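Spelled out from the first residue to the last, the chains are:
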Amino acid sequence: RIYTMVDKETCIACGVCGAACPDVFDYDEEGISQSILDNNSGDMLVPTSFIDDVLDAYDACPSESIKVSKQPFHSNPNISE
Ligand code: F3S
């Protein structure tokens, strides 16, 4: 069980996450990534079938902007959007 979101402040629009996991990560007009599961709030459980790809994106992101947690992110005021 994991939750995920993108730290849009640190994303450098490298494009790796969308390649690794297009069902979860997509880009805004500036090429900055976001989770399309839940409008990047990080509050929706990642569907089981996408977990491996999300973790691949997490490992591959060069700026460590993919955030993964076992808790919904809104419970952490420092990371919410
Ligand atoms: Fe940004 Fe990292 Fe994805 S830099 S585009 S969140 S792989």
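See the structure above.
Predicted model only: the values in this text are computed from it and were never measured.

Enquirer: I'm lost on the overall build of the protein chain in this one. Help?
Expert: Along its length, the protein chain carries 2 helices and 4 strands. When the helices and strands of the protein chain are listed from N to C terminus, the series reads β-α-β-β-α-β. Relative to a compact globule of 81 residues, whose C-alpha radius of gyration would be 12 Å, the protein chain shows 11 Å and is just as compact. Along the longest, intermediate and shortest principal axes, the C-alpha atoms of the protein chain span 25 × 25 × 20 Å. Expressed as a percentage of its 81 residues, the buried residues of the protein chain come to 35%. Partitioning the contacts of the protein chain with sequence separation of at least 6, the portion at a separation of at least 24 is 63%. Counting only carbon and sulfur atoms, one obtains 47% of the accessible surface of the protein chain, whose full area is about 4,700 Å².

Enquirer: I would appreciate a short explanation of the pairing of strand S1 (residues 3-6) in the present structure.
Expert: In regular strands, side chains alternate between the two faces of the sheet. Both faces of S1 are covered, namely the face carrying Tyr3 and Met5 and the face carrying Thr4 and Val6. Two elements, S1 and strand S4 (residues 66-69), share 4 bridges in a ladder whose sense is antiparallel. Counted as the bridge partner of Met5 is Lys67 from S4.

Enquirer: Before we go on, may I ask you to explain the site of the ligand in this structure?
Expert: Neighbouring the ligand are 14 residues, the closest being Cys11, Ile12, Gly15, Cys17 and Cys61. Using a 2 Å cut-off from the grid points, one finds that the ligand occupies the largest cavity. Split into classes, the residues belonging to the shell around the ligand amount to 10 nonpolar, 4 polar and no charged.

Enquirer: Would you mind showing me how to read the nonpolar core here?
Expert: In globular proteins that are soluble, nonpolar side chains generally tend to be buried together. The biggest cluster of nonpolar side chains holds 16 residues, and the ones touching the most others in it are Val24, Phe25, Val46, Val54 and Ile66. With sequence-adjacent residues up to four places away left out, Val46 is seen in contact with Ile2, Tyr3, Thr4, Leu37, Ile51 and Val54.

Enquirer: Sorry, what's going on with the environment of Gly15 here?
Expert: Considering the arrangement of structural elements, one finds Gly15 in the loop between S1 and helix H1 (16-20). With a relative accessible area of 28%, Gly15 lands in the partly exposed category. Sequence-wise, Gly15 and Phe73 are 58 residues apart; in three dimensions their C-alpha atoms are separated by 23 Å.

Calculation notes
- Residues numbered from 1 in each chain as written.
- Predicted model: local features only at pLDDT ≥ 70, side-chain atom pairs only at ≥ 80, totals over all residues.
- Heavy atoms only, no water.
- Helix = DSSP H or I, 4+ residues; strand = E, 2+ residues; numbered from the N terminus.
- Rg over C-alpha atoms; globule rule 2.2 N^0.38 Å.
- Buried < 20%, exposed > 50% of the residue type's maximum accessible area, 1.4 Å probe, protein only.
- Contact = heavy atoms within 4.5 Å.
- Areas by Shrake-Rupley, 256 points an atom, 1.4 Å probe, with all protein chains shown as cover.
- Pairing = 2+ DSSP bridges.
- Near = heavy atom within 4 Å.
- 1 Å grid on protein atoms, 1.4 Å probe; cavity = no way out; pocket = protein on both sides within 12 Å on 5 of 7 lines; lining within 4 Å.
- Sits in = over half its atoms within 2 Å of the grid points.
- Nonpolar A, V, L, I, M, F, W, Y, C, P; charged D, E, K, R; others polar.
- Core = buried A, V, L, I, M, F, W, Y, C linked by side-chain atoms within 4.5 Å.

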